[in-house]
Amino acid sequence: MKPTVQHNDRREFLKKGLGIAAVASSVTVLHAFQTDSVEITGEMVKLLSPEGEIVEIDKGFLKPIPEVHISPEAAREGIPNRRFVMVIDLARCKNLRKCHDACEKMHHCGPDNEFLKVLKMQDTKLAAPYWQPTMCFHCDEPPCVKVCPVDATYKREDGIVLIDTDRCIGCRFCMVACPYSARTFDWSEPKFPLEVAHQHYSPETSVPAKMGTVSKCDFCPDMTRKGEMPHCVSACPNGVFYFGDEYEDAVSNGEETVRLSELLRDRAGYRYLEDMGTKPRVYYLPPANRSFPFEDDEFTKNKGHEHEK
Amino acid sequence: MKFITTNIKNPWVSRFLMATAVVFLMAFSAVAQTESDSTEAEKPDLSLEFRYIEANNKTKILELIAKAKLEGIWQSQKGIQVHFYRDAEDEANLLGNVATDDHGLARYILPEGVEKYAGAGGEYTFVAVTDGTEQFDPVSVEVIVAESSFEMSLSEEDSVRQVHISLQALDAEGNEVPVGEVEVHLYIQRLFGLLPLSEDPETTDENGEVTADFSTVIGGDTAGNLIIVAKIEDHERFGNVEFQRKIKWGTPLIIDPNLSARELWSSRANAPIYLIAIVNTMLIGIWGVILYILFQTYKISKISKVSTRSPKLEKHH
Amino acid sequence: MRNKVTTKASGDRTDAITMDLMPRPFGRLGHIWVAVLLIICAIGLYFYIEQIRYGLGITAMRDYSTWGIYIANFVFFVAISLVGSLMSAILKLSGAHWRTPLTRISEIIAVASILFAALVIVVDMGRPDRFMNVLLHARIQSPITWDVIVISTYLVISLLLLYLPLIPDLAILRDHHKDGSKWQHNLYKVLALGWSHHPEQEKILRRSEQILAILIIPVAFGIHTVTSWLFATTLRPGWDSNNFGPYFISGAFMVGAGGVIAAMYIFRKAYSLDNYLTDKHFDYMGKLLVLLSLVYLYFNINEYFVPAYKMKAAESAHLKQLFFGSYSPLFWSVQIFGMVIPILVLMFRRGRKPFPMFVIAIMVIVGAWFKRFLIVIPTLSHPFIPMTRVPESWQHYMPTFKEWWITGSTLAGALLIITFLSRLFPIIPIAETIEHEEAARKGKPILD
Ligand code: SF4
Ligand code: SF4
């Protein structure tokens, strides 16, 4: 993708008072060598570099960060030098379902196509029940990807498993292959508000979904590309979700950033159904030492034990 | 595309959102409570988080986050016009106007030369005022901070890596003096936040200095670069002051070679060789025979043209 | 008349056989039968168009029960198609000459059902419009790709196995079939490939048939093993089994034999073929069916007893539902009426008379269909992560009326193809029968 300077956007940002303020968040600087596509204006602008230095550059180098649309082909590549990983702290989950709501809102997936579920779990009769958020675990050896006949679902270099609903033939083999029931299918024409329906489809947003194809949690690569965390992670007020880059050995829940290896070591992190051999990229921290009692919600109240191992 | 992601991995948004609240002032909502005849319910309060940030001794930033509790949930407020002033709300003192973004954040980088407005001890007063909207009344908040000189240097000698910090500020007479007893936090910049180097913050000594060993073994980028960040957080006198440097103290990143392996879960282009071999051998073998049979049937039709005699007649003689 | 046979006695006999076995126009019953099937298919097609427009939502399948009776039906079709290889390959190679009159019937059943197996898979697809992706973007790691390869291969070989032995008959039809319409005659003429009983032609034909008979066996094992892998390669309780390949194959041979018996009975009645499809044939088929059923019983015991002995957590919910739970009435009926009773009845000589055999065959076929249902559906209601917060209807898959109808119409469609093929071509190989009769007269018994 060759960046080009877009004048109208530049004009827009100049409208905003002294201007520089908006620079850091809405504009990025081209690499100096990419002068071929730049028209030098002679007007200098002050910018804040990522290293925290003020630099002065020609306005011609300014390029607005577009709402980057990652095409289905480009989405196969993955975000370079990243390996996303999630840790879910079951000891903190109170079934507030903010993650679920944020996910549903941002992916327009609706109650019949939940990407993220919060389920009542109970390992044995004597152990206390707990709430467990589940979603696609972006397995490192994903059985769902193994079985796809048309490469519609694939594993990317950054660890994310995505679906190209422009390619999917709707055989649903991946759904039966996934032992975690992470995938959902659009059995009928999904209904969206107009602006969502007209949105450019990208596997990185999973929006808009298409009838007759599968979809699932996508780890919000559209957000991580912007350096922001997935919607569920930032929506949780209890810091249940940690998200980060395994290469950096750090995960963050929005409040604190910790070393992944230490967190998993000290809190006895585990992966769900490890013996399936799927190597999930989502880890759980056991629901031990909870400081709040388990409370049933309206769905689970009358159901007794949902899940006994 | 690369330039976007490389610049973005270190965005201001994530860097500063992590810090705990600096100045947290509740809205002056009652002031504008004039529409008593309105049938609408009372307007919700807009709460503003206003902080001053000084980065690498150069850049001074005003940052404001607008939130409101709507339907019991704190929500960031987008598109609120914020006017930043020095000293007091007055047209002459206007620094700039910024609208809040998706995260309710309005950031304003103070222009160079703002120092001339500082008091003798280097102190400033900044005021942020939001425009009233249909939903919220105007709110104004202020922050008082003092200028400081905060510096970090990194050294490596005999494979002992050290981080050195020095903090100085102006005294009442305007002389630069070291400041002791100030907590300094050391971090490593990570994708979604700052990873503390140690559990507890360091404290400056009477020379305004800190020296800390850096013994962490952690991954950097492909070249092994790390960004080390020193911060004074929420200080009552200095506000937020930070200094960061990039250095090759990390383990160079080696991409997991397993990713491009030929596996059952790889893409079609990376199918395991043995599988391709087996399937194709079987295909060629079986379809070869099928083609042979088809050729044989073709031969049958050819023979009839050679001989139209019915040999069956002789067969039984 | 080119191939008029010289010996007086055998010549009469040959003419008689030819006359007996010629395809005949439908009678009144035949017309009603075809009309009914056509109507069923037309309505099914209407529902399918609706499914294309409104999505698979018109079925009862939902996120957990994501495969339903379409897939069960697919497995059934694949299973029954195996009969072709059983009759024309395995029995041929093992030298069982009594199979001669049954080969055509079984090949027709095989071709019809494999065609519909392929069709049913398309019906099950969420995006049939993207069928070409299966070829354009084929991923060789996927069992579906293997299935596509093996099904198309099997279809081609089955067509050849139907066609090659038909060539001499087509020549007979070309020469003797006078009352058909012109296109029918032209069809025979083209398809007969100028067959003239040239020894060279006969040699080539016999050789090709022999090669095909050998070739189809691995492909037949392949098609049903790969189909079983669609399930066995997943981690689901009830499917996660090493036993699945042979289990499916033995079940397929059993239902295939059942299918041939039922068809034999109907054709014998419809075309009064008592002289050709004799009680002896039924008796042999009965014995064969007992044998195949016993093998299947063996694999069933393996399939259910071993996991039930261990009762691993994931399996136990599934097995308990089958043995004692909501699927138990169906499960036990299928096991008893579809397997145990047929075995018991066919053990006795009296049970191997045509009519009881027909009843048993129908039981076997219906049982086999529901057995596929029990293999495919209950497993999906036992995911590892509990199925909660879903509507009640998601938890108990009960196919919708339209889904049943579409499924039914594929069965009707297969019957329709069988009917048309039997209308067009002799249902019992004429040339081969003549050959055998002559061989028999010369002292070689046919039914041995
Ligand atoms: S959780 Fe399921 S859908 Fe996600 S990668 Fe693993 S197997 Fe695939
Ligand atoms: S449903 Fe789509 S993504 Fe899943 S296996 Fe089939 S083609 Fe692939």
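Residues numbered from 1 in each chain as written. Chains lettered and ligands numbered in written order. Predicted model: local features only at pLDDT ≥ 70, side-chain atom pairs only at ≥ 80, totals over all residues. Heavy atoms only, no water.

1. A few points about the packing of aromatic side chains
Okay, so step 1: Enumeration over the complete set of coordinates arrives at 55 aromatic pairs over all chains.
Okay, so step 2: Their ring planes at 20° and their centres at 5.6 Å tell us that Phe84(B) and Tyr108(B) sit as a pair that is stacked. Here Phe84(B), found in strand β5 (residues 81–86), pairs with Tyr108(B), found in strand β7 (residues 105–109); they are 24 residues apart in sequence, far enough to count as distant. Residue Phe84(B) shares its accessibility class with Tyr108(B), and that shared class is buried.
Okay, so step 3: A ring pair is formed by Tyr327(C) and Phe373(C), whose centres lie 6.3 Å apart and whose planes are at 65°; its orientation type is edge-to-face. (Phe/Tyr/Trp six-rings, centres within 6.5 Å; stacked < 30°, edge-to-face > 60°. Helix = DSSP H or I, 4+ residues; strand = E, 2+ residues; numbered from the N terminus. Buried < 20%, exposed > 50% of the residue type's maximum accessible area, 1.4 Å probe, protein only.)

2. A short note on the sheet that holds β5(B)
Residues and elements named next belong to chain B.
Okay, so step 1: One open sheet accounts for 4 strands, arranged β6-β5-β8-β9; its pairing is antiparallel. Taken across any chain shown, the strands that pair with only one partner, and hence form the sheet edges, are β6 (94–99) and β9 (140–146). Across the sheet, the mean angle separating the axes of adjacent strands is 20° when strand polarity is ignored.
Okay, so step 2: Across 5 bridges, the pairing between β5 and strand β8 (residues 123–130) is antiparallel. Within β8, the residue paired with phenylalanine 84 across the bridge is alanine 128. (Pairing = 2+ DSSP bridges. Axes fitted to C-alpha atoms, helices over the stretch in contact; angles between N-to-C directions.)

3. What to know about the site of ligand 2
Okay, so step 1: Every residue near ligand 2 is listed here: Cys148(A), Pro149(A), Val150(A), Ala152(A), Thr153(A), Cys168(A), Ile169(A), Gly170(A), Cys171(A), Arg172(A), Cys174(A) and Val214(A).
Okay, so step 2: Taken together, the residues that form the shell around ligand 2 break down as 9 nonpolar, 2 polar and 1 charged. (Near = heavy atom within 4 Å. Nonpolar A, V, L, I, M, F, W, Y, C, P; charged D, E, K, R; others polar.)

4. A word on the pattern of salt bridges
Okay, so step 1: Following the criterion strictly, the structure yields 41 salt bridges over all chains and no others.
Okay, so step 2: Of the charged contacts in the structure, one is a salt bridge between Arg281(A) and Glu246(A), with a shortest N-O distance of 2.3 Å. You can see Arg281(A) sitting in the loop between α9 (260–266) and β15 (282–285) and its partner Glu246(A) sitting in the loop between β12 (241–245) and β13 (250–252), a full 35 residues away along the chain.
Okay, so step 3: Judged by its relative accessible area of 34%, Glu246(A) falls in the partly exposed class.
Okay, so step 4: Taking the shortest distance from any N to any O, the salt bridge between Glu49(B) and Arg51(B) comes out at 3.3 Å. For the pair Glu49(B) and Arg51(B), one class covers both residues: buried. (Salt bridge = Lys/Arg side-chain N within 4 Å of Asp/Glu carboxyl O.)

5. With respect to unusual backbone geometry
Okay, so step 1: In this structure, Pro208(A) follows Val207(A) across a cis peptide bond, with omega equal to -10°.
Okay, so step 2: Along the chain, Pro208(A) turns up in the loop between α6 (194–197) and β11 (214–215).
Okay, so step 3: Even without a glycine there, the phi angle at His197(C) is positive, about 55°.
Okay, so step 4: Within the fold, His197(C) resides in the loop between α9 (182–191) and α10 (199–232).

6. Focus: the environment of Glu202(C)
Okay, so step 1: Note that Glu202(C) resides in helix α10.
Okay, so step 2: On the basis of relative accessibility, which here comes to 15%, the residue Glu202(C) falls in the buried class.

7. Here's the deal with the interface of chain C and chain A
Okay, so step 1: On the chain A side, the residues contacting the 42 residues of chain C number 53 residues.
Okay, so step 2: With both chains or domains summed, chain C and chain A bury close to 3900 Å², and 58% of this area falls on carbon and sulfur atoms.
Okay, so step 3: When residues of chain C are sorted by the area they lose upon contact with chain A, Arg139(C), Ile385(C) and Arg389(C) head the list and together hold 21% of the total.
Okay, so step 4: Note that Arg172(A) is salt-bridged to Asp124(C), the shortest N-O span being 2.7 Å.
Okay, so step 5: Put simply, chain C and chain A have 28 residue pairs in polar contact (both at pLDDT 80 or more) between them.
Okay, so step 6: Going through the elements one at a time, α2 (28–54), α6 (133–136) and α7 (143–163) of chain C are the ones with two or more residues in the side of chain C that touches chain A.
Okay, so step 7: Class assignment for the residues of the side of chain C that touches chain A results in 21 nonpolar, 12 polar and 9 charged. (Contact = heavy atoms within 4.5 Å. Buried area = accessible area lost by both parts, 1.4 Å probe. Polar contact = N/O pair within 3.5 Å; in protein donor to acceptor, adjacent residues only side chain to side chain.)

8. Re the pairing of strand β16 (residues 209–213) of chain B
Residues and elements named next belong to chain B.
Okay, so step 1: Every second residue of β16 is oriented toward a common face, the buried set being Val210 and Ala212 and the non-buried set Glu209, Thr211 and Asp213.
Okay, so step 2: Pairing geometry for strand β11 (residues 160–170) and β16, over 5 bridges, is antiparallel. Bridge assignment links glutamine 162 to a residue of β16, and that residue is aspartate 213.

9. A look at the confidence of the model for chain A
Residues and elements named next belong to chain A.
Okay, so step 1: Residues with a pLDDT of 70 or more make up 75% of chain A, whose mean pLDDT is 81.
Okay, so step 2: Taking the mean pLDDT of every element in chain A, the minimum, 36, falls on helix α2 (residues 20–26) and the maximum, 97, on β15.
Okay, so step 3: Considering only residues more than four positions removed or in separate chains, one finds that residues 1–38, a stretch of pLDDT under 50, has 67 contacts.
Okay, so step 4: In this model residues 304–309 is a low-confidence stretch, pLDDT under 50, and it forms 19 contacts with partners more than four residues away in sequence or in other chains. (pLDDT = per-residue confidence, 0-100.)

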